[in-house]
Amino acid sequence: MPSLCVLGLGYIGLPTASIFATKGRRVLGVDVSPSVVETINSGRIHIQEPDLDVLVRAAVQSGNLKAATLPAPADVFILAVPTPFLASADGARVPDLSFVEAATRSIAPFVAAGNLIILESTSPVGTTEKVKGWLEAELAKLGRKVDGLLYAHCPERILPGQMLKELVSNDRICGGLTPVAADQARDLYASFCTAQIFLTDARTAELAKLTENAFRDVNIAFANELSLICDKLGVDVWELIRLANRHPRVKILQPGPGVGGHCIAVDPWFIVDAAPAEARLLRTAREVNDSKPHHVVAQVRAAAAQHAHPVVACLGLAFKANVDDLRESPAVEITAALAAAGLPVLAVEPHVRTLPPSLVGKAKLVSIEEAMAAANVIVLLVDHRAFGSLTLASFAGKALIDTRGQIR
Ligand code: SAJ
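First things first, this report covers the structure right here in the doc. Predicted model only: the values in this text are computed from it and were never measured.

Rules and cut-offs
- Residues numbered from 1 in each chain as written.
- Predicted model: local features only at pLDDT ≥ 70, side-chain atom pairs only at ≥ 80, totals over all residues.
- Heavy atoms only, no water.
- Near = heavy atom within 4 Å.
- Polar contact = N/O pair within 3.5 Å; in protein donor to acceptor, adjacent residues only side chain to side chain.
- Nonpolar A, V, L, I, M, F, W, Y, C, P; charged D, E, K, R; others polar.
- Pairing = 2+ DSSP bridges.
- Helix = DSSP H or I, 4+ residues; strand = E, 2+ residues; numbered from the N terminus.
- 1 Å grid on protein atoms, 1.4 Å probe; cavity = no way out; pocket = protein on both sides within 12 Å on 5 of 7 lines; lining within 4 Å.
- Points joined across faces, edges and corners; volume = space filled by probe spheres on them.
- Axes fitted to C-alpha atoms, helices over the stretch in contact; angles between N-to-C directions.
- Contact = heavy atoms within 4.5 Å.

With that out of the way, let us pick up the site of the ligand. Around the ligand, 20 residues are found, and the nearest of them are Lys209, Asn213, Arg216, Gln254 and Phe319. Between an oxygen atom of the ligand and a main-chain N or O atom of Phe319, the distance comes to 2.7 Å. Side-chain polar atom of Lys320 to an oxygen atom of the ligand: 2.8 Å apart, as the coordinates give it. Taken together, the residues that form the shell around the ligand break down as 9 nonpolar, 4 polar and 7 charged.

Here it is as structure tokens:
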């Protein structure tokens, strides 16, 4: 069975490396962080995801998964490093491929003839071709000539919170720079993927992944725009959506405090960057979703202005329900903006023990009980299961801004 080297042991690389290892493949997981490497080699994990700890422990205990800070020779190299964006002058965003480039260049001393190089990171169209270019340039620098390297883009589609189930049961797309590369990638993923695997070229696979997340972003923007319209017209947006969704061909998503995470709020920009004149709807959707936190801040400040001594409690900091991930979270952005407006702010986030750097010294992390006792203005930012027992009666005498429609 071919051996693997997986670069990047984050939310995608770690589950992928682990599942291959539990299927009997020898896997070297590579991460630039020595503490991540040490944590994984001791059979523990550095991120929170249901059942991931069990999978990683099994992979490490089997002897098939090892982590290191440097790559080593393997038959297949999988790139699973972040692809964030950089802000540009006109408010649009440009992709930052520096992690993909660095990871690609780092494997140059180790690749051998016929190896398969798979880009899993969500990437702008043309990145798999760039990976080939970077690797060839690095090989030339090293004076190495390696024949028959194969390249494919095989984007992941797993949803944080149910990654392990979706890793196995989601259909996959394998896009090759050549048909042989796509074929080989399919054979590899078929070792654990029980769903269908579709073959295409790399550019289509790249755009398919971006399209899926842009589709969701546009649909959430529709719901968020509806929530602003409803606020203006005095209509309950949750009731409105519930009723409209009784139409057999209508399926509106849920409004919220904004769109967070490192996928949906990022990936549409890769399309906008590549085709700015054409991607008008996608750009507007991004702007609608990015502006939603400002609307929530204004609502909370208006409620706080009704109190002589306002104390604001923010329920939830994660980017979505039942995860511990605070990166790109609109809830964190809103909490920071309220504190910056001079309001005393209590933050409740049952999934973390410490505040993120942007809130340290600005808000106080407290339990739900403390928040409910001390605050007179409460904004529910994340519909965590942990808040499920709260009812409208729990907020008697307080102002409630429920951005998720969780309190009934
Ligand atoms: N959100 C809403 N309203 C909704 C649904 C979501 O406001 O009705 C918000 C969430 O609260 C969150 C954000 O959108 O802030 C994104 O959450 P999500 O659950 O929609 O998506 P992610 O970012 O956790 O995962 C997405 C998934 N993509 C799609 O569903 C098309 C997942 O399948 C991808 O693998 C993942 O991006 C990725 O890695 O690209």
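Picking up after the structure, the text goes on.
Quick look at the pairing of strand β10 (residues 197-201) now. Bridging between strand β9 (residues 172-176) and β10 involves 5 bridges; their strand directions are parallel. In the sheet register, Cys174 faces β10, and the bridge partner there is Leu199.

Roughly 330 Å³ of volume is contained in the second largest pocket. Lining the second largest pocket we find 20 residues, and of these Asp231, Val237, Trp238, Gln299 and Asp402 sit closest to its centre. Secondary-structure elements contributing two or more residues to the lining of the second largest pocket are α8 (202-233), α9 (237-244), α11 (280-304) and β15 (399-402). Broken down by element, the residue count for the lining of the second largest pocket peaks at 4 residues, all from α11. For the lining of the second largest pocket, the per-class residue count stands at 9 nonpolar, 6 polar and 5 charged.

The subject of this paragraph is empty space enclosed by the protein. In this structure the tally under the stated criterion is 2 cavities of 30 Å³ or more. Approximately 40 Å³ is the volume attributed to the largest cavity. Along its surface, the largest cavity is lined by Pro155, Glu156, Arg157, Ile158, Glu166, Leu167, Asn170, Asp171 and Arg172. A class-by-class count of the residues in the lining of the largest cavity yields 3 nonpolar, 1 polar and 5 charged. In this model, the second largest cavity occupies a volume close to 40 Å³. Taken together, Tyr11, Gln48, Glu49, Pro160, Phe319, Val323, Asp324 and Asp325 form the lining of the second largest cavity. Here the residues of the lining of the second largest cavity sort into 4 nonpolar, 1 polar and 3 charged.

Turning our attention to the sheet that holds β10. A sheet is described by the order of its strands in space; here 8 strands give the open sequence β3-β2-β1-β4-β7-β8-β9-β10, paired in mixed fashion. In this open sheet, the two edge strands, each paired with only one partner strand, are β3 (65-68) and β10. Strand-to-strand twist in this sheet, taken as the mean axis angle between neighbours without regard to direction, amounts to 25°. Here strand β4 (residues 76-79) runs beside strand β7 (residues 116-119); their pairing, made up of 4 bridges, is parallel. Along β7, the bridge assignment pairs Leu79 with Leu119. Docked against the sheet, helix α4 (residues 98-106) engages β1 (4-7), β4 and β7, running at close to 165° with respect to β4.

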